[in-house]
Amino acid sequence: MAQPWRGILREYAEFMPFDSDVRIISLGEGGTPLIEAPALSSKVGASVFLKVEGQNPSGSFKDRGMTSAITRVVQEGDTTVVCASTGNTSASAAAYAAAAGITCVVLIPQGKIAAGKMAQAIVHGARLVQVDGNFDECLTMVRRLSEDYPVSLVNSVNPYRIQGQKSAAFEICDQLGEAPDIHVLPVGNAGNITAYWAGFTEYAKAGRATRTPAMWGVQAEGASPLVTGVPVDSPETVATAIRIGKPASWDQAIAARDESGGWIRAVSDREILEAQALIAAEVGVFVEPASAASVAGLIAAAAHDDVPAGATITCTVTGNGLKDTATAVSHLNVEPIVIPVDIDAAVEALELS
Ligand code: F0G
């Protein structure tokens, strides 16, 4: 029988910062599908694949970084982790802290994280505080807390997070048999674009791929400091996961863009929601709004004739749509139809005759 997937730290052990005798905290993260998306391929005139990161244990790509960050915390003998979050980091940190038997403390922007993500932090037993401020302010606060108190920071400014998250780039190369021409992903605090670029370059250096892709980053218009070059004091977008005005890994994101020959562009909330609906209805994958930003950016690029014909393009869809069902259906105008227990009424309502 084939060996089951053992999580990214074991599967890619030679590229990871842990010796073989270290106690690994894993929930089986990684090994996510890379699926063909014919509906998108025909729309943009290229060969498009989606890396479905919503299939990770807590429903987002954060688990790749969290297995690594929490493994390191436990190795150091620390017992409390802290993070700021727009929802997915806190869900993941809470889950991995639970698996490790340590405490997780979370600061989130009040009223600005999706209900599913909030529920995750709660059920996994995190100590949760809502801050009357935005993500950037929460991040400043947790940085201070980790300097002055015995709590370990597990946001993506923690280098162990980046080490774990780079595994997604390895998997894409392994699944395609080569690096793609272009990789597209949403950008918020910019840890993930940093990690992917590190992963693609490291894999090419190790001879596991012969090239590196152009990195295309996508932000939401109301939270697009890397596009305008100016930090945003009050970021706003329906894609709450990337509602970030001062990305911590700003310089690394710009370096990934420039070294790879890529770009970072912005898309509107409308484009994000349209892309989310399209991915769900025409590809068959339910992703959260921030995740759909990558596809929205690709579609916008195609509309501007910026997509090279026939290119192999991979898009990371970062998180599971079930985390935020309210936003997904809010603009679709679907009226529930209620009928009596009656076959004829069902036939009529469903227009089957
Ligand atoms: N997509 C989703 C679903 C996210 O949750 C995030 C970030 C991103 C994209 C952007 O990734 O920050 O590495 O550029 N979420 C963080 C959080 C900020 O707290 O969950 P990034």
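All figures in this text were calculated on a predicted structure; none of them were measured in a lab.

Reading guide: rules and limits
- Residues numbered from 1 in each chain as written.
- Predicted model: local features only at pLDDT ≥ 70, side-chain atom pairs only at ≥ 80, totals over all residues.
- Heavy atoms only, no water.
- Helix = DSSP H or I, 4+ residues; strand = E, 2+ residues; numbered from the N terminus.
- Rg over C-alpha atoms; globule rule 2.2 N^0.38 Å.
- Buried < 20%, exposed > 50% of the residue type's maximum accessible area, 1.4 Å probe, protein only.
- Areas by Shrake-Rupley, 256 points an atom, 1.4 Å probe, with all protein chains shown as cover.
- Lys, Arg positive; Asp, Glu negative; His and termini not counted.
- Charge placed at Lys NZ, Arg CZ, Asp CG, Glu CD.
- Phe/Tyr/Trp six-rings, centres within 6.5 Å; stacked < 30°, edge-to-face > 60°.
- Expected span 1.5 Å × (residues − 1).
- Contact = heavy atoms within 4.5 Å.
- Near = heavy atom within 4 Å.
- Polar contact = N/O pair within 3.5 Å; in protein donor to acceptor, adjacent residues only side chain to side chain.
- 1 Å grid on protein atoms, 1.4 Å probe; cavity = no way out; pocket = protein on both sides within 12 Å on 5 of 7 lines; lining within 4 Å.
- Sits in = over half its atoms within 2 Å of the grid points.
- Nonpolar A, V, L, I, M, F, W, Y, C, P; charged D, E, K, R; others polar.

Engineer: What exactly am I supposed to notice about the overall build of the protein here?
Structural biologist: Counting its secondary structure elements, the protein contains 15 helices and 10 strands. Its C-alpha atoms give the protein a radius of gyration of 20 Å, within 12% of the compact-globule value 20 Å for 353 residues. A principal-axis box enclosing the C-alpha atoms of the protein has dimensions of 65 × 55 × 50 Å. Taking all 353 residues of the protein together, the buried fraction comes to 57%. Counting only carbon and sulfur atoms, one obtains 51% of the accessible surface of the protein, whose full area is about 15,000 Å². Where the 24 positive side-chain charges of the protein centre and where its 39 negative ones centre are 7 Å apart.

Engineer: Sorry if this is basic, but what is going on with the packing of aromatic side chains here?
Structural biologist: The geometry of an aromatic ring pair is captured by the separation of the ring centres together with the interplanar angle, meaning the angle of the planes. For the structure shown, the criterion picks out 9 aromatic pairs. Considering the side-chain rings of Tyr12 and Phe170, the 5.3 Å spacing of their centres and the 55 degrees angle between planes classify their relative orientation as tilted. Pair noted here: Tyr12 is in the loop between helix H1 (8-11) and strand S1 (34-36) and Phe170 is in helix H8 (residues 167-176), with a separation of 158 residues, a long-range link. On the basis of relative accessible area, Tyr12 is assigned to the buried category, the value being 8%. Owing to a relative accessible area of 0%, Phe170 belongs among the buried residues under this scheme. Ring geometry for Phe18 and Tyr160: centres 5.7 Å apart, planes at 35 degrees, overall tilted. You can see Phe18 sitting in the loop between H1 and S1 and its partner Tyr160 sitting in helix H7 (residues 159-165), a full 142 residues away along the chain. Of the two residues, Phe18 and Tyr160, both sit in the buried class. Each residue in the set Trp5, Tyr12, Phe15, Phe170 and Tyr203 is aromatic and connected to the rest through ring pairs, giving one cluster.

Engineer: Mind showing me how you'd approach helix H4 (residues 88-100) here?
Structural biologist: Owing to its 3.6 residues per turn, the α-helix aligns residues three or four sequence positions apart on the same side. The end-to-end C-alpha distance of H4 is 18 Å, a good match for the 18 Å that 13 residues give at a rise of 1.5 Å each. With respect to burial, H4 is a largely interior element, 11 of its 13 residues being buried. Taken together, the buried positions of H4 are Asn88, Thr89, Ser90, Ala91, Ser92, Ala93, Ala94, Ala95, Tyr96, Ala97 and Ala100. Residues of H4 that are buried make contact with helix H3 (62-75), strand S3 (80-84), strand S4 (103-109), helix H5 (115-123) and H7. A positive backbone phi angle near 75 degrees is found at Gly101, which sits one or two residues after H4.

Engineer: What is the right way to read the site of the ligand from this model?
Structural biologist: Around the ligand, 20 residues are found, and the nearest of them are Ser85, Thr89, Asn189, Ala190 and Thr318. Note that an oxygen atom of the ligand is positioned 2.7 Å from one of the backbone N or O atoms of Thr89. When the free accessible area of the ligand is taken as 470 Å², the share hidden by the protein chains comes to 99%. When atom positions are compared with the pocket grids, the ligand is found to occupy the largest cavity. Elements that contribute at least two residues to the shell around the ligand include exactly H4 and helix H9 (191-205). Among the residues forming the shell around the ligand, the class breakdown is 8 nonpolar, 10 polar and 2 charged.

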